[in-house]
Amino acid sequence: MSDGPDGTAAAEEALARGDLAVAEELGRAALRDEGSLAARLTLAQALAWQGRGRDADAVMSEVDESALDDTDLMAWALPRAANQFWMLDQPERATAFLHTVRGRLTSAGAGATVDALLGTFTMNAGSPERAIQLAREVLSSPTAERQAVGWAASAAALCNARMGNFADVDQLAERAIAAGHPGLLRFTSAFGQTTALVMSGELDRAQDLAQELVDASPPSHPSHAIGGLLVADVLIARGDPADAVPTLEAAAAALAPTGYSWGPLAWMLLAQALGQLGRTADAGRILAKAEARHGLKSMLFAPELSVARAWTAAARRDSPGAVDAAREAARAAERGGQSAIALRALVDAVRLGDTRAGDAVERLTVDCAVRPLALAYARALTARDADGLEAAANGFEAIGMRGVAADARRHARS
């Protein structure tokens, strides 16, 4: 759309800067003066990013889709489906709409692009294995367009990371970046990279990568908040919940009106951090917000919600409830094929006093720095082995997970 008339180009530039109110004003003027599809879609995007999904849908619904060729049909259908999925919280409607559009397309390249977005929807709905299958089909297609490659590679990077298949994550992220498709795809693949780096014990690299995305994003743009969320996730892994809280509070406030799946995740991580700090009332209040906003579009992050419940229970000094919630997080992650997330949840379970976590850790075949440390911690806790707990603490401290190390030492003393 960047080669449209001057009014549309100005609106697009405002959108890229994160000046959403200006983009809306310029987009309305461009639509009134030019009446182009490009102007309409720019206006709709400006509205959607302000959390005004219904207004965006109304702008897009005025298009006569029967008059569109494949190129224009795609330009219109993809943002409309994305708006339905995320901003209107209507994932089933969005998926059905895309399948209908898929049946109208005549070019294989356009079909691959629809399949790539369907794969992203599938990932968010909590089926990473199926999402990877769809992504592979797109990435192996000789007719896949750059946009399709961007969607598919970024989703595959995050799914592989959460499933514990770390070897391909960087390559997939690089392929997504090389596709050059703008928007928030970079944060999907980056979350895959930071997840892999954290589990590999490279927390400095993970935090640096996330911080670079924050620094490169306009403060008023949703991308800035998502970058902050990625930084905070690493801070929580480090054992720095106090530093994570203000970042997550800002991210949650900025993302709440947008409808993105990142919004519920921000509340989940904030509840975790507050629970770890013992801020009982605050953790309970934020957990309620996370539960209220969680749904099919954020089902990929269901394990994080259970971890938030675990730390909120711990803040209430409900140790059995905390362990049960952490175990449920690990089971939910394992059921969904998210082995790396299951492992991270089991580390939290052991920190919270789960003396039966060792067998579950051993069952996970995630090849990373965290697994042997988690297994040693779990076995030492079960055996009440103070020396083993101290050794596990030293191992976690060496990779930068100071919070886990502190809890292992606390268990060693007790």
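Refer to the structure presented above.
The following paragraphs examine the structure supplied in this document. (Residues numbered from 1 in each chain as written. Predicted model: local features only at pLDDT ≥ 70, side-chain atom pairs only at ≥ 80, totals over all residues. Heavy atoms only, no water.)

### Points about helix H1 (residues 6–17)
No. 1: Along its 12 residues, H1 runs 17 Å from first to last C-alpha, staying within 8% of the 16 Å computed at 1.5 Å per residue.
No. 2: Tucked inside the fold, the buried residues of H1 contact helix H2 (20–34) and helix H3 (37–49).
No. 3: Gly18 sits one or two residues past H1 and shows a positive phi near 90°. (Helix = DSSP H or I, 4+ residues; strand = E, 2+ residues; numbered from the N terminus. Expected span 1.5 Å × (residues − 1). Contact = heavy atoms within 4.5 Å.)

### What to know about the nonpolar core
No. 1: Counting 161 residues, the largest nonpolar core has Trp76, Trp262 and Phe396 as its most contacted members.
No. 2: Per element, the largest residue contribution to this core is 12 residues, and it comes from helix H9 (residues 146–163).
No. 3: Discounting residues that sit within four places of it in the chain, Trp262 has contacts with Phe187, Thr188, Phe191, Ile226, Leu229, Leu230 and Leu255. (Core = buried A, V, L, I, M, F, W, Y, C linked by side-chain atoms within 4.5 Å. Buried < 20%, exposed > 50% of the residue type's maximum accessible area, 1.4 Å probe, protein only.)

### Examining empty space enclosed by the protein
No. 1: Scanning the entire structure with this criterion turns up 1 cavity of 30 Å³ or more.
No. 2: The volume enclosed by the largest cavity comes to roughly 270 Å³.
No. 3: Lining of the largest cavity is provided by 22 residues; of these, Asp233, Gln272, Arg344, Ala345 and Asp348 occupy positions nearest its centre.
No. 4: Among the secondary structure elements, those contributing two or more residues to the lining of the largest cavity are helix H11 (185–199), helix H13 (222–238), helix H15 (262–276), helix H17 (302–315) and helix H19 (339–351).
No. 5: In terms of residue count, H19 provides more of the lining of the largest cavity than any other element does, 6 residues in total.
No. 6: Tallied by class, residues from the lining of the largest cavity come to 13 nonpolar, 3 polar and 6 charged. (1 Å grid on protein atoms, 1.4 Å probe; cavity = no way out; pocket = protein on both sides within 12 Å on 5 of 7 lines; lining within 4 Å. Points joined across faces, edges and corners; volume = space filled by probe spheres on them. Nonpolar A, V, L, I, M, F, W, Y, C, P; charged D, E, K, R; others polar.)

### Regarding the layout of surface pockets
In this approach a probe as big as a water molecule rolls over the atoms, and the regions it shows empty are the leftover space.
No. 1: Put simply, the second largest pocket is a space of about 390 Å³.
No. 2: Around the second largest pocket, the lining is made up of 19 residues, and of these Trp311, Ala314, Leu352, Asp407 and Arg410 lie nearest the centre.
No. 3: Elements that contribute at least two residues to the lining of the second largest pocket include exactly H15, H17, helix H18 (319–335) and helix H23 (402–413).
No. 4: Classifying every residue of the lining of the second largest pocket by side-chain character gives 6 nonpolar, 8 polar and 5 charged.

Functional significance is not addressed by these values, which are geometric in nature.
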